[in-house]
Amino acid sequence: MINIAATGHAAEAIERIVPQLVSDDVAGRIMAQDATLWGAEAEEESGKRLGWTEAPAVTWSIIDDVIALRDRLREQGVTRIALAGMGGSSLAPEVITATYGVELTVLDSTEPGQVLRALRDGIEQTALVVSSKSGSTLETDSQKRAFEAAFREAGIDPADRIVVVTDPGSPLDEAARAAGYRVFNADPNVGGRYSALTAFGIVPSGLAGVDVRDLVNEALAASQALREDDARNPGLRLAAALAGTRPLRDKIGIVPDGTHIVGFGDWAEQLIAESTGKEGKGLLPLALQPDSPELSESLSDLQVIRLVGSPRDLDEVADGEVEVVGTLGWQFMVWEFAVAVAGRMLGINPFDQPDVESAKVAARGLLDDIQEPSAPLFTDGGIEVRALGGFDAGASIADAVDGLLSNLDDQGYVAVHAYLDRIGDPEFEQLRDVLATRVGRPVTFGWGPRFLHSTGQYHKGGVPNGVFLQLLSKPEEDLAIPDRPFTFGQLIGAQAAGDAAVLAEHGRPVLSLTLTDPAAGLATLVAAIEQRQS
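Description of the structure in this document. (Residues numbered from 1 in each chain as written. Predicted model: local features only at pLDDT ≥ 70, side-chain atom pairs only at ≥ 80, totals over all residues. Heavy atoms only, no water.)

Pairing in this open sheet of 6 strands is mixed, and the strands run S11-S12-S16-S15-S13-S14 from one edge to the other. What marks the edges here is a single partner per strand, and that holds for strand S11 (378–380) and strand S14 (443–447). Pairs of neighbouring strands in the sheet enclose a mean axial angle of 20°, with direction left out of account. Against the sheet, helix H17 (residues 397–405) engages S11, strand S12 (383–388), strand S13 (413–418), strand S15 (466–473) and strand S16 (510–515), with an angle of about 150° to S16. Along the sheet, helix H20 (residues 488–505) contacts S12, S13, S15 and S16; its crossing angle with S15, the most-contacted strand, is approximately 165°. (Pairing = 2+ DSSP bridges. Helix = DSSP H or I, 4+ residues; strand = E, 2+ residues; numbered from the N terminus. Axes fitted to C-alpha atoms, helices over the stretch in contact; angles between N-to-C directions. Contact = heavy atoms within 4.5 Å.)

With that out of the way, let us pick up the sheet that holds strand S1 (residues 2–6). Strand order in this open sheet of 5 strands is S1-S10-S9-S7-S8, and the pairing throughout is mixed. Of all the strands in the sheet, just S1 and strand S8 (284–287) have a single pairing partner and so form its edges. Across the sheet, the axes of successive neighbouring strands diverge by a mean angle of 20°, strand direction being ignored. Of the strand pairs in this sheet, strand S9 (residues 302–308) and strand S10 (residues 322–326) are connected by 4 bridges, and their pairing is parallel. Each bridged residue has a counterpart across the sheet, and for Val-308 the counterpart in S10 is Val-325. Sheet strands in contact with helix H1 (residues 8–23) are S1, S9 and S10, and its direction is about 115° off that of S1. Strand contacts of helix H14 (residues 264–276): strand S7 (251–256), S8 and S9, with the helix running at about 175° to S8, the strand carrying the most contacts.

With respect to the helices, strands and loops of the structure, Asn-465 is situated in the loop between helix H19 (456–461) and S15. Reaching out from Asn-465, the side chain makes a polar contact with the backbone oxygen of Gln-411 at a distance of 2.8 Å. Beyond its immediate stretch of four places on either side in the chain, Asn-465 contacts Lys-251, Leu-408, Asp-409, Gln-411, Gly-412 and Tyr-413. (Polar contact = N/O pair within 3.5 Å; in protein donor to acceptor, adjacent residues only side chain to side chain.)

Turning our eyes to something else, we now look at the environment of Gln-495. Note on placement: Gln-495 falls in helix H20. Placed 10 residues apart in sequence, Gln-495 and Glu-505 show a C-alpha to C-alpha distance of 15 Å. A distance of 2.8 Å separates a polar atom in the side chain of Gln-495 from a polar atom in the side chain of Thr-110.

So, about the pattern of salt bridges. Evaluation of the coordinates by the stated rule reveals 33 salt bridges. With a shortest N-O distance of 3.9 Å, Asp-24 and Arg-344 are connected by a salt bridge. You can see Asp-24 sitting in the loop between H1 and helix H2 (26–31) and its partner Arg-344 sitting in helix H15 (residues 328–346), a full 320 residues away along the chain. A relative accessible area of 26% means that Asp-24 is categorised as partly exposed. One salt bridge in this structure joins Asp-108 and Arg-422, with 3.1 Å as the shortest N-O distance. Taken together, the residues span a long stretch of sequence, with Asp-108 in the loop between strand S3 (105–107) and helix H7 (112–120) and Arg-422 in the loop between S13 and helix H18 (430–439) at a distance of 314 residues. Owing to a relative accessible area of 14%, Arg-422 belongs among the buried residues under this scheme. Residues participating in the shared-partner salt-bridge network are Glu-94, Asp-108, Asp-266, Arg-422 and Arg-450. (Salt bridge = Lys/Arg side-chain N within 4 Å of Asp/Glu carboxyl O. Buried < 20%, exposed > 50% of the residue type's maximum accessible area, 1.4 Å probe, protein only.)

To continue, consider the packing of helix H13 (residues 234–243) against H15. Taken N-terminus to C-terminus, the directions of H13 and H15 make an angle of 50°; their axes are 8 Å apart at the nearest point. The pairing of H13 with H15 is recorded here as oblique in orientation. Regarding H13 and H15, the two cross each other, and that crossing is right-handed. Seen from H13, the contacting residues are Pro-234, Gly-235, Leu-236, Leu-238, Ala-239, Ala-240, Leu-242 and Ala-243; seen from H15, they are Val-334, Trp-335, Phe-337, Ala-338, Val-339, Val-341, Ala-342, Met-345 and Leu-346. (Parallel < 35°, antiparallel > 145°, perpendicular 65-115°, else oblique. Left-handed = near helix turned anticlockwise from the far one by under 90°.)

All right, on to the packing of aromatic side chains then. Here the distance between the centres and the angle between the planes together describe a pair of aromatic rings. Under the counting rule described, the total for this entry stands at 12 aromatic pairs. Here a set of aromatic residues connected by ring pairs shows up, and it is made of Trp-38, Trp-52, Tyr-194 and Phe-351. For the cation-ring pair, Arg-182 lies above Phe-184, with the distance from its terminal atom to the ring centre recorded as 4.2 Å. (Phe/Tyr/Trp six-rings, centres within 6.5 Å; stacked < 30°, edge-to-face > 60°. Lys NZ or Arg CZ within 6 Å of the ring centre and 35° of its normal.)

Take the nonpolar core next. Counting 95 residues, the largest nonpolar core has Val-203, Trp-267, Phe-332 and Trp-335 as its most contacted members. Among the elements that make up this core, the one with the highest residue count is H15 (13 residues). Apart from the residues lying within four places of it in its own chain, the contact partners of Val-203 are Ile-62, Val-66, Val-129, Val-163, Val-165 and Phe-184. Residues Leu-405, Leu-408, Phe-428 and Leu-431 belong to the second largest nonpolar core, which totals 35 residues. (Core = buried A, V, L, I, M, F, W, Y, C linked by side-chain atoms within 4.5 Å.)

All right, on to helix H16 (residues 356–368) then. The terminal C-alpha atoms of H16 lie 19 Å apart, and with 13 residues this matches the ideal 18 Å at 1.5 Å per residue to within 8%. Listing the buried residues of H16 in full gives Val-356, Ala-359, Ala-363 and Leu-367. Down the axis of H16, the smallest arc covering the buried residues is 80°, so these residues share one side. (Expected span 1.5 Å × (residues − 1). Arc of directions from axis to C-beta.)

Here we come to the side chain of Arg-193. Residue position: Arg-193 is located in the loop between strand S6 (182–185) and helix H11 (199–208). Arg-193 sits in the buried class, given a relative accessible area of 5%. One polar contact links Arg-193 to Glu-274, side chain to side chain, over a distance of 3.1 Å. One polar contact links Arg-193 to Ser-275, side chain to side chain, over a distance of 2.8 Å. Contact partners of Arg-193, with chain neighbours within four places excluded, come to Trp-267, Gln-270, Leu-271, Glu-274, Ser-275, Lys-278, Glu-336, Pro-350, Phe-351, Asp-352 and Gln-353.

Here's what the structure looks like:
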């Protein structure tokens, strides 16, 4: 089961809005896949994106095949499962395996160091899951090519070690079958960010060793509870807390208590941001921790939602906050449902992502005509400084940070985009708290390029009050992409440059810093942020 407890303005929103949602039969209509709920303009897209409502039942049919394949791979000496995928293809499996305490190597990057680490970490004992809904994801195709070459170099037939998850009839589906790879098709009527309980979530997690029957059983129970047009429906209650506060608290802080679910905020970020951040409005999710600076700021536009292991008395819930109790299968279903309802409340289509493609197009254009990076405005402490969006970057790192943050208003946010090795350079995540402490405003942190498939939609299509700090490095070792005219280093560089250009075109200020020495650069940057604090 799941329990939603709320106080203050969040409780008021639930009490005011849920009766209307019940009266409109929203729950029953969603679970019956009524595509008219989001308006005439959204109906075509909604009509082919509601398969998630029955995903647990559909997915049940593949579980035996997944377990049989897992056992067969183990008999062949496979002890490590790797996953090549982006966005919805990787975020849910990462949460599932981490929560169940199972190892899964997630490769959701084009950063050369991270790719090389994944290739070199026991390739002889590795099987790879390649996940792409469209079957044409550039990053995933590049990762697949690199693994195929590594398998062959190790004397392993890739067909014995590569498992593919994709939509039926996609380019990847056709190519994989022709190559003799094992293929699992997912429901094409489920969008990527709603795919946690489809083959995209279940295949890599099950192969890695998760008890996926347990997970899907939880979700089946949740789907039954969500069908009820009743004031106790947890999905309706959560939706009202997300999108019904007056005035709207459009920054959603997701805070785990550390007891039962690991990394849920990263998955929820994509679900919320990509579903709601468009048409100049939306909800900005923040993956916070219990000691995050924002939680002590009394921010008038922050709605705090805590994931807790067991329910507490209502008088123990902090004023205005929401506490959500439930296991992972329940959480997936309830949050997907709630965000779909929140989209209806906000008057947007929660199933499209009109601004995601723009950065991809810009990156492809740069890859078609590879050039040396533009000259920096200046270099300070081994950091090359570039600025887009029309602000004065001054003559030092501290000046540049000041110039960027001068564009931040009292309803805005800072986004850090780190096109770095998230496995090798996890210490860069400290920048989120350092910046939040300085500005007293919400700060998001995204590893590039994976955030392009997640919060990237909100940053371009949502409320236009973000300022952006982009971090890059010069890789010590680059890696060629087989049968491509560019390397992984050139690919991630083009992705960063393309995204910065698109953000600037949308009027967003972007400070782009290239670190010649990441460790030294981080220290310099932290000092520059902290020295100007009031």
